[in-house]
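Per-entry structural report
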Amino acid sequence: MGPVGKIRLNYAAFAVYLFLSTVSIELTSAAGQPRLEIFPMQGVQRKPVGKSLILTCRPNVPDASLVADLQWKDNLNNTILPKPNKYYYPLYDSKGRRLPAVTGRNQPPMYTETLPGESLALMITALSVEMEGRYYCTASYANTELLETSVMIESYVAITWTNAPENQYPILGEVYVVKCEVKADPNPTIDWLRNGDQIRTGDKYVVQTHGLLIRDVQESDDGIYTCRAAVIETGELLERTIRVEVYSRPVITYLPITLEATEGQPFAANCTATGKPKPEISWIKDAAQQNVANADRFNVNPLTGLLTINAVTQDDYGTYTCIAKNDAGVVDQKTKLNVLVRPSIYEMYNVTGVSHKEIALTCRAKGRPAPEITFRHWGTEDEFAAGVQVDDDRIVLEQHFDEDRGESSGTLRISRSMRSDDGLYQCLARNKGDTDYKTGHITIEFPPDFTHMKDLPPIFSWDERKANLSCLAMGIPNATIEWRWSGKPIKEILDKNLQQVGNGPRSDLIVHPVARHYYSVYKCVATNIHGVAEQDIQLKEARVPELIAAAIPKQLTATTITFDIRGPPAELGLPITAFAVQYKEALNPDWSTALNRTWSPESPYIVESLKPQTSYNFRFAARNAVGLGSWGVNLQQSTPRRSAPEEPKPLHSPVQNDQEEPVVVSPYSDHFELRWSVPADNGEPIDFYQVKYCPGVKMAGTWHELENQCVSVDVVESTAYEMSHLSGNTYYRIELRAHNVIGFSSPASIIMKTTRDNPYPYSAAGSLKDYTKHHQQRLFILNTFVLIITVRRMSSLQLQPQRQQQQSFMGL
């Protein structure tokens, strides 16, 4: 370092020493002088407009009791006064309980309050621009020295959001400005963030003074936007979070152009709309400009747009507007409600006509649209078609419509009417709304008629029993009846044995045939305005049946004889009611000891419990309502000797037939219950039945059995046997024989087929061993059948090598 450098260093060190010595002297001097201090101690207090402010002036003196006239002066050098008492509201009561805060009272913008420690506070409740300037705190000390200090108050406008809603809703497809208006002094700078990422001006977004412009708003523009304001001069930074949710205008997606409702019935219609938020839907009746949600009988669901009407009236007809509204906009669409008036038949009268002449039945009805009217004969669903009927050209249906008046009529016109046209007819009035019904009657008048009595048998009486001769005349109007005998009216004969009951249309003649001449022909005469009819009724004397023509033995066993009886001729109206037989052993000459048996004409004529190898005499008679006829057809017949029982008859009906013989089908795959009737024992009681069943197959008309698979069982004291452990879908030949001490009967034979196997024929608790055995049996049967078929084919080929032989099988 040179000499010049050393001189400069020494000068600097001296200067520093001199400054520190001066400061030390001043601090030592100040510490002992009375003064005023303002807290906070900054010489300039810079606060935002509108904020509150407290400045405290505190004396720093050796003896605080010597301080007097401590006060504050404003920027205009006016003394600032303390807050008047009327603005003082204590925080606590005398018991130390906190009092409720008092609000709504005006306070002075600026005042002073004395604080503990002999301090005086300047209270500014809301700083304004006018309050900027220098404020002084003054006091006197020991009545000789004036103390004074000051502070500079400056204001600025803090960042304030003037129009920046936290939730904003742009409309889909439109241009929208996300509003963010801010006030500050100095002016702030604004930038934007979306979902934390900074937004820059471009084709989609434009940062403007009053907000962020978004072009062609889409649903993807939903999100959290941040409006950020900064004042460089003050270092103030403030963010405003704005939630942007894109709304879409309502669009009505469904509303028919026309609606149809039926008078008196409930009705519902939908008006659906889309939009965000979900639109609220209302219905307006255009004629009255009325919101139907407030009308009786109407109900509207504003969320779904469902309009319901409890019971539709004709007044509900008209044009309605569906309005869909949300925060994004409003849209409307019109529809027309047509009210269908249900048909109502107001006129239909019963009509009367005369047979072979024209008759017309008319029905009139109201409704909208004018109903179509048809008819149908009571008891049938077939309606008459408009115009001439295809199956009966006598009948024509005429229809007339008046749409303006909502009326229609239908006339069923019948030419050359017949008795079959008489009866109830139903009128049907039908339109889109409903169908109405009304019933009327067509009466066809005709002269008396006895056709229904033409084939009636004579009336019989015997032993002077009273006979009832009934006469019923068909006719409209009802006919009157007169009885005649031998050409004379009964009423003129005055015979107490002839009594007429009723004069029509039914009348009975009670005849007491005390003498044979009463068995005669009586005439019933019916009369009405259209004609007269007569009917002869014969009263005949009844007798017991004549001798039986023949009784031929049809079937003989050791203990029974079945006869074929040919009865005597019977008169119409007096049938044979029974056949009787008397029989005795031929060695017995006394018929008074004979046995009797009676059969109804429909039953088999079997005499049972006879003795074998015995000759019997038989005689037969017929019975009717009068009594038993004479015995005839004396017949002697011997019973054969004792023998084996007759063949039993299985009680099963074939339900499947092949080309050779009937087949009985079991409802089960593994068992079958065989049932039979008890046959004649031929003189010795049956002691058991033998049941034999074998699986097999029929080939080329010949039955082949698996003898080693046959099962034979004796059944005692029963006429049923259950065959078990059978194979499914298999044919079995069953033979049944009855046995007594003499021997076996001839066998009764049937073919039975089981149904297909159940895939799981045994339950969980069943025996797997049983199932395996059952399956092995079936496989053995199938393999044996295949072997038989193969052998027969080989034999056939060896004998006739040039011929193909088709074999018929019964399915396995």
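Residues numbered from 1 in each chain as written. Predicted model: local features only at pLDDT ≥ 70, side-chain atom pairs only at ≥ 80, totals over all residues. Heavy atoms only, no water.

Focus on the overall build of the protein chain
In plain terms, the rule: Numbering of helices and strands runs from the N terminus, with a helix taken as a DSSP run of H or I at least four residues long and a strand as a DSSP run of E at least two residues long. Relative accessibility decides the category of a residue: with a 1.4 Å probe and only protein chains considered, values under 20% of the type maximum give buried, values over 50% give exposed, and everything between is partly exposed. Here a residue-residue contact requires only that any non-hydrogen atoms of the pair lie within 4.5 Å.
If you tally the helices and strands in the protein chain, you get three helices and 63 strands. Split into buried and exposed, the 812 residues of the protein chain put 37% on the buried side. When contacts within the protein chain are restricted to residue pairs at least 6 apart in sequence, those whose partners lie at least 24 apart make up 63%.

Side note on the side chain of His 739
The condition is simple: Whenever two N or O atoms come within 3.5 Å, that pair is a polar contact, provided that in protein one can donate a hydrogen and the other can accept it, and provided that, for residues adjacent in sequence, both atoms are side-chain atoms.
Along the chain, the position of His 739 falls in strand 61 (residues 731-740). Residue class for His 739 comes out buried when judged on its relative accessible area of 15%. A distance of 2.9 Å separates a polar atom in the side chain of His 739 from a polar atom in the side chain of Asp 687. His 739 has contacts with Pro 645, Pro 685, Ile 686, Asp 687, Phe 688 and Phe 744, leaving out every residue within four places of it along the chain.

With respect to the sheet that holds strand 47 (residues 561-566)
Applicable threshold: The pairing criterion is simple: DSSP has to find at least two bridges between the two strands. Between the N-to-C directions of two axes lies an angle of 0 to 180 degrees, each axis being a line fitted to C-alpha atoms and, for a helix, fitted only over the stretch in contact.
Across the sheet, which stays open at both edges, the three strands sit in the order 46-47-50 with antiparallel pairing between neighbours. Each of the sheet's edge strands pairs with one partner strand only, and the pair in question is strand 46 (550-556) and strand 50 (605-607). Each adjacent strand pair in this sheet contributes to an overall mean axis angle of 30°, direction not counted. Here strand 46 runs beside strand 47; their pairing, made up of six bridges, is antiparallel. Opposite Ile 552, over in strand 47, you have Asp 564 as the bridge partner.

As for the pattern of salt bridges
Stated formally: Throughout this description, the term salt bridge denotes a Lys or Arg side-chain nitrogen within 4 Å of a carboxyl oxygen of Asp or Glu.
In this structure the tally under the stated criterion is 33 salt bridges. We note a salt bridge from Arg 342 to Asp 434, for which the minimum N-O separation is 3.0 Å. Taken together, the residues span a long stretch of sequence, with Arg 342 in strand 28 (residues 329-348) and Asp 434 in the loop between strand 35 (423-430) and strand 36 (435-449) at a distance of 92 residues. On the basis of relative accessible area, Arg 342 is assigned to the partly exposed category, the value being 36%. Here the residues in one salt-bridge network are Asp 222, Arg 243, Glu 245 and Lys 276, joined through shared partners.

Brief notes about the state of the cysteines
Cut-off, in case you're wondering: Count a disulfide wherever a pair of cysteine sulfur atoms falls within 2.5 Å.
With the rule as written, the count across this model stands at six disulfides. Note that Cys 271 is cross-linked by a disulfide to Cys 322, the S-S spacing being 1.9 Å. Here the disulfide of Cys 271 and Cys 322 is left-handed, its torsion about the S-S bond being about -90°. Residue Cys 271 is located in the loop between strand 21 (267-270) and strand 22 (272-276), and its partner Cys 322 is located in strand 27 (residues 318-326); the two are separated by 51 residues in the primary sequence. Across the pair, Cys 322 and Cys 271 agree in class, each one buried. Cys 694 shares a disulfide with Cys 710; S-S distance 1.9 Å. Its S-S torsion of about 120° marks the bond between Cys 694 and Cys 710 as right-handed, since a negative value means left-handed. Taken together, the positions of Cys 694 in strand 57 (residues 688-699) and Cys 710 in the loop between strand 58 (702-705) and strand 59 (711-715) put the pair 16 residues apart, joining distant regions of the chain. On the basis of relative accessible area, Cys 710 is assigned to the partly exposed category, the value being 22%. Assigning the bonded cysteines of the protein chain consecutive numbers by sequence position, one obtains the connectivity 1-2, 3-4, 5-6, 7-8, 9-10, 11-12.

Some thoughts on the packing of aromatic side chains
What counts here: Only Phe, Tyr and Trp rings take part, Trp by its six-membered ring, and two of them pair if their centres are within 6.5 Å. Stacked means planes under 30 degrees apart, edge-to-face means over 60, and tilted covers everything else. A positively charged side chain is recorded as over a ring if its NZ (Lys) or CZ (Arg) lies within 6 Å of the ring centre. The angle to the ring normal must also be within 35 degrees.
This model, assessed by the stated rule, comprises 13 aromatic pairs. Residues Phe 688 and Phe 744 carry aromatic rings whose centres are separated by 5.7 Å and whose planes lie at 80° to one another, so their mutual orientation is edge-to-face. Taken together, the residues span a long stretch of sequence, with Phe 688 in strand 57 and Phe 744 in strand 62 (residues 743-744) at a distance of 56 residues. One Lys or Arg, Lys 366, reaches over the ring of Tyr 346 and ends 5.4 Å from the middle of that ring.

A closer look at the environment of Asn 503
Along the polypeptide, Asn 503 turns up in the loop between strand 42 (498-501) and strand 43 (506-511). Asn 503 sits in the partly exposed class, given a relative accessible area of 45%. In sequence terms Asn 503 and Cys 471 are 32 residues apart; their C-alpha atoms lie 10.0 Å from each other. Apart from residues no more than four positions distant in its own chain, Asn 503 is found in contact with Ala 479, Thr 480, Ile 481 and Lys 491.

Considering the environment of Asn 143
Position of Asn 143 relative to the elements: it lies in the loop between strand 8 (133-141) and strand 9 (145-163). By relative accessible area, which is 71% here, Asn 143 ends up exposed. The spatial distance from the C-alpha of Asn 143 to the C-alpha of Asp 69 is 9.7 Å, given a sequence separation of 74 residues.

Structural notes on the sheet that holds strand 6 (residues 110-115)
An order of 1-3-7-6 is seen for the four strands of this open sheet, with the pairing classed as antiparallel. Edge strands, defined here as strands with exactly one partner in the open sheet, are strand 1 (35-39) and strand 6. On average, each strand axis in the sheet is inclined to that of its neighbour by 20°, with strand direction left out of account. Bridge count for strand 3 (residues 53-60) against strand 7 (residues 119-124) is five bridges, and the pairing is antiparallel. Paired with Thr 56 across the strands is Ala 121, a residue of strand 7.

What about the side chain of Gln 389?
Mapped onto the elements, Gln 389 comes out in the loop between strand 32 (387-388) and strand 33 (395-402). Judged by relative accessible area, which is 8%, Gln 389 ranks as buried. Residue contacts for Gln 389: discarding those within four places in its chain leaves Phe 384, Ile 395 and Leu 397.

Quick look at unusual backbone geometry
In the segment running from Asp 185 into Pro 186, the intervening peptide bond is cis, with an omega of 5°. Within the element layout of this structure, Pro 186 appears in the loop between strand 12 (181-185) and strand 13 (189-194). Cis peptide bonds are those with omega within 30 degrees of zero, and the linkage from Arg 368 to Pro 369 qualifies with -5°. Inspection of the secondary structure assignment puts Pro 369 in the loop between strand 30 (359-368) and strand 31 (372-377). The phi dihedral of Leu 494 is positive, around 60°, even though this residue is not glycine. Turning to its location among the elements, Leu 494 is positioned in the loop between helix 2 (490-493) and strand 42. The phi dihedral of Asn 729 falls on the positive side, at around 55°, and the residue is not glycine.

Re the environment of Thr 319
Position of Thr 319 among the secondary structure elements: in strand 27. In sequence terms Thr 319 and Lys 336 are 17 residues apart; their C-alpha atoms lie 4.4 Å from each other. Contact partners of Thr 319, with chain neighbours within four places excluded, come to Ile 284, Lys 285, Asp 286, Lys 334, Thr 335 and Lys 336.

Comments concerning the pairing of strand 23 (residues 280-285)
In this structure, strand 23 lies alongside strand 27, joined through six bridges in antiparallel fashion. Of the residues in strand 27, the one forming a bridge with Glu 280 is Lys 325. Judged from the two bridges that link them, strand 23 and strand 24 (residues 290-291) form a sheet pairing that is antiparallel. Note on strand 24: the bridge partner recorded for Ile 284 is Asn 291. Here strand 23 hands over to strand 24 after four residues, with Gln 289 in that stretch at a positive phi of 45°.

Describing the confidence of the model for the protein chain
Where we set the bar: A score between 0 and 100, pLDDT records how confident the predictor is in each residue.
Scored by pLDDT, the protein chain has a mean of 86; 86% of the residues are at 70 or more. Low pLDDT, under 50, characterises residues 761-768; the predicted model gives this stretch five contacts beyond four residues in sequence or across chains. Confidence drops under a pLDDT of 50 for residues 788-812, and excluding neighbours within four residues, the segment shows 30 contacts in the predicted structure.

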